[in-house]
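# Coordinate inspection notes
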Amino acid sequence: MRVFVPPIKSQGIKTKLVEWISSNVEDIQFERWVEPFMGTGVVAFNIRPKKALLCDSNPHLITFYKALQSKEITSGLVKKYLTEEGEKLLKSDGQYYYEVRKRFNSDGHPLDFLFLSRSCFNGMMRFNGKGGFNVPFCKKPNRFAQSLITKITNQVENISQIIDFGDYEFKNQDFKETLKEIRFNDLVYSDPPYIGRHVDYFDSWSEEEEITLNQGLNNSNARFILSTWLSNKYRTNDYVFSIWKDCSISTKEHFYHVGGKETNRNAVYEALLSNVKFENSISNPDMKSRIILNESQLTPNGKEYKIPTQLTLAMEEEQKQLSTIL
Ligand SMILES: C[S@@+](CC[C@H](N)C(=O)[O-])C[C@H]1O[C@@H](n2cnc3c(N)ncnc32)[C@H](O)[C@@H]1O
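This write-up is about the structure you can find in this document.

Conventions we followed
- Residues numbered from 1 in each chain as written.
- Predicted model: local features only at pLDDT ≥ 70, side-chain atom pairs only at ≥ 80, totals over all residues.
- Helix = DSSP H or I, 4+ residues; strand = E, 2+ residues; numbered from the N terminus.
- Contact = placed C-beta atoms within 7 Å.
- Buried ≥ 20, exposed ≤ 12 C-beta atoms within 10 Å, placed from the backbone.
- Near = placed C-beta within 6 Å.
- Nonpolar A, V, L, I, M, F, W, Y, C, P; charged D, E, K, R; others polar.
- Core = buried A, V, L, I, M, F, W, Y, C linked by C-beta atoms within 7 Å.
- Axes fitted to C-alpha atoms, helices over the stretch in contact; angles between N-to-C directions.
- Left-handed = near helix turned anticlockwise from the far one by under 90°.
- Expected span 1.5 Å × (residues − 1).
- Pairing = 2+ DSSP bridges.
- Right-handed = clockwise from strand over helix to strand, strands pointing away.
- Parallel < 35°, antiparallel > 145°, perpendicular 65-115°, else oblique.

### Observations regarding the overall build of the chain
The number of helices and strands found in the chain is eleven helices and seven strands. A fraction of 72% describes how many contacts in the chain between residues 6 or more apart in sequence connect residues 24 or more apart.

See the structure below:
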């Protein structure tokens, strides 16, 4: 499976898990794909449903994708913008980053959001108590070299095409609003901030919210899948066995890189919880006893997930045309 990477970066991005998630939902029939926590959108953009409702409480993500949808932002515009702004960044020896950050925090322009996402420290997305983007510069004044501009431009083009092919609605709203809109024949993919992990202005998450999400999903009568963490070297996520005790579980070992160093790899078992029984999932009590008995956990490899042929061909054709234009 070729994974399409979105142009926006964030610490919770599921790029490395997309294939595994896709392989689990492959055989499920649904009318509409719903994400109450779309983040960068990498999961939806690779599942590529015909119809989707994609929501997030972070207004900048939604503004960005709406701008791609309305063609306010195109790959051509991104190329021009990053070339010009990248030159200013280089000339100022990196100081220009802070001018763009200030401008973004007063105007919230989606192109500036892209600039910051791709030139901030470690591609992080963090906001202060007033909702201002507060990540420092990556300290590479030549960040927007030609090769990176081409890469980002291609990412914008690919995601724009995926959005064009689908019937997608983007909404800036709290997950409680999205829960109200779920229909029984939707498939809901929930990827909330991981409980017990980091917190910031658009990304705080409490036990109460985890319970509200669980109740809302159960009451909707729709099929749902939830991403969460199961365990790491030190701890187990006990909520999996309390709040989500009725779900079946599929797991995958995943490594997070801390500070970009190969030596600082933290292994985490990712879990997909669902009210649908996947081919490789096991019941919640089974998983609990495996953990208690310290048995090796279930780590199925994702099946090969095929993306719709029609779409692939169209995209590759467009890609060829694009590379001759650029
Ligand atoms: C783990 S990230 C989702 C990552 C996404 N699946 C991806 O691969 O990029 C969680 C997202 O939930 C959003 N979020 C946090 N609290 C929320 C809330 N109360 N309602 C809706 N979205 C929320 C955050 O802005 C963030 O984008």
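### Quick look at unusual backbone geometry
Positive phi values are uncommon outside glycine, yet K139 reaches one of about 65 degrees. Summarising the element assignment, K139 is placed in the loop between α6 (110–119) and α7 (146–165). Residue K139 is classed as exposed on the basis of its C-beta count, with 10 C-beta atoms lying within 10 Å.

### Let's talk about the environment of A222
Relative to the elements of secondary structure, A222 occurs in the loop between α9 (207–220) and β5 (223–232). Once the C-alpha coordinates of A222 and D186 are considered, the two residues, 36 residues apart in sequence, prove to be 5.8 Å apart. Residues contacting A222, with those up to four places away along its chain left out, are I182, R183, F184, D186, L187 and V188.

### Points about the site of the ligand
Taken together, 20 residues are adjacent to the ligand, and G12, K14, F37, G39 and T40 come closest. When the residues that make up the shell around the ligand are grouped by side-chain class, the tally is nine nonpolar, six polar and five charged.

### Overview of the nonpolar core
Counting residues in hydrophobic clusters, the biggest one holds 72 residues, and the most contacted among them are A44, L54, F64, V188, A271 and L273. Here A271 is in contact with T228, W229, L230, V240, I249 and T251, once residues within four sequence places are set aside.

### Here's the deal with the packing of helix α3 (residues 59–70) against α6
Two elements in contact, α3 and α6, have axes separated by 9 Å at closest approach and are oriented at 115 degrees. Crossing geometry of α3 relative to α6 is assigned as left-handed. The segment α3 lies against α6, with H60, T63, F64 and A67 engaging P110, F113 and L114. Each residue belonging to the contact of α3 with α6 can be placed in one class, and the counts come to five nonpolar, two polar and no charged.

### Regarding the environment of E177
Tracing the sequence through the fold places E177 in helix α8 (residues 175–180). Since 13 C-beta atoms lie within 10 Å of it, E177 is described here as partly exposed. Considered as a pair, E177 and C55 are 122 residues apart in the sequence and their alpha carbons are 9.5 Å apart.

### Considerations on α7
Taking 1.5 Å of rise per residue, the 20 residues of α7 would be expected to cover 28 Å, and the 29 Å separating its terminal C-alpha atoms lies within 8% of that figure. Burial in α7 covers these residues: I149, I152, T153, N154, V156, E157, N158, I159, S160, Q161, I162 and I163.

### Some details on the environment of L148
Structurally, L148 can be placed in helix α7. Given 16 C-beta atoms within a 10 Å radius, L148 is considered partly exposed.

### A few points about the pairing of strand β1 (residues 32–35)
Side chains R32 and V34 of β1 all project onto a buried face; the interleaved residues W33 and E35 project onto the opposite face, where all are buried too. Relative to strand β4 (residues 186–190), β1 runs parallel, the two sharing three bridges. By the bridge assignment, V34 is partnered in β4 with V188. Crossover handedness for the path β1 to helix α2 (residues 42–47) to strand β2 (residues 51–56): right-handed.

### Concerning the packing of helix α4 (residues 75–91) against α6
Two numbers describe how α4 lies on α6: the axes approach to 11 Å, and their chain directions differ by 55 degrees. Here α6 runs oblique to α4, going by the angle between their axes. Both α4 and α6 take part in a crossing whose hand is right-handed. Contacts from V78, Y81, L82, E85 and L89 in α4 reach L111, L114, F115 and S119 in α6. The residue makeup of the contact of α4 with α6, split by class, is seven nonpolar, one polar and one charged.

Shape is all these values report; function is a separate question.
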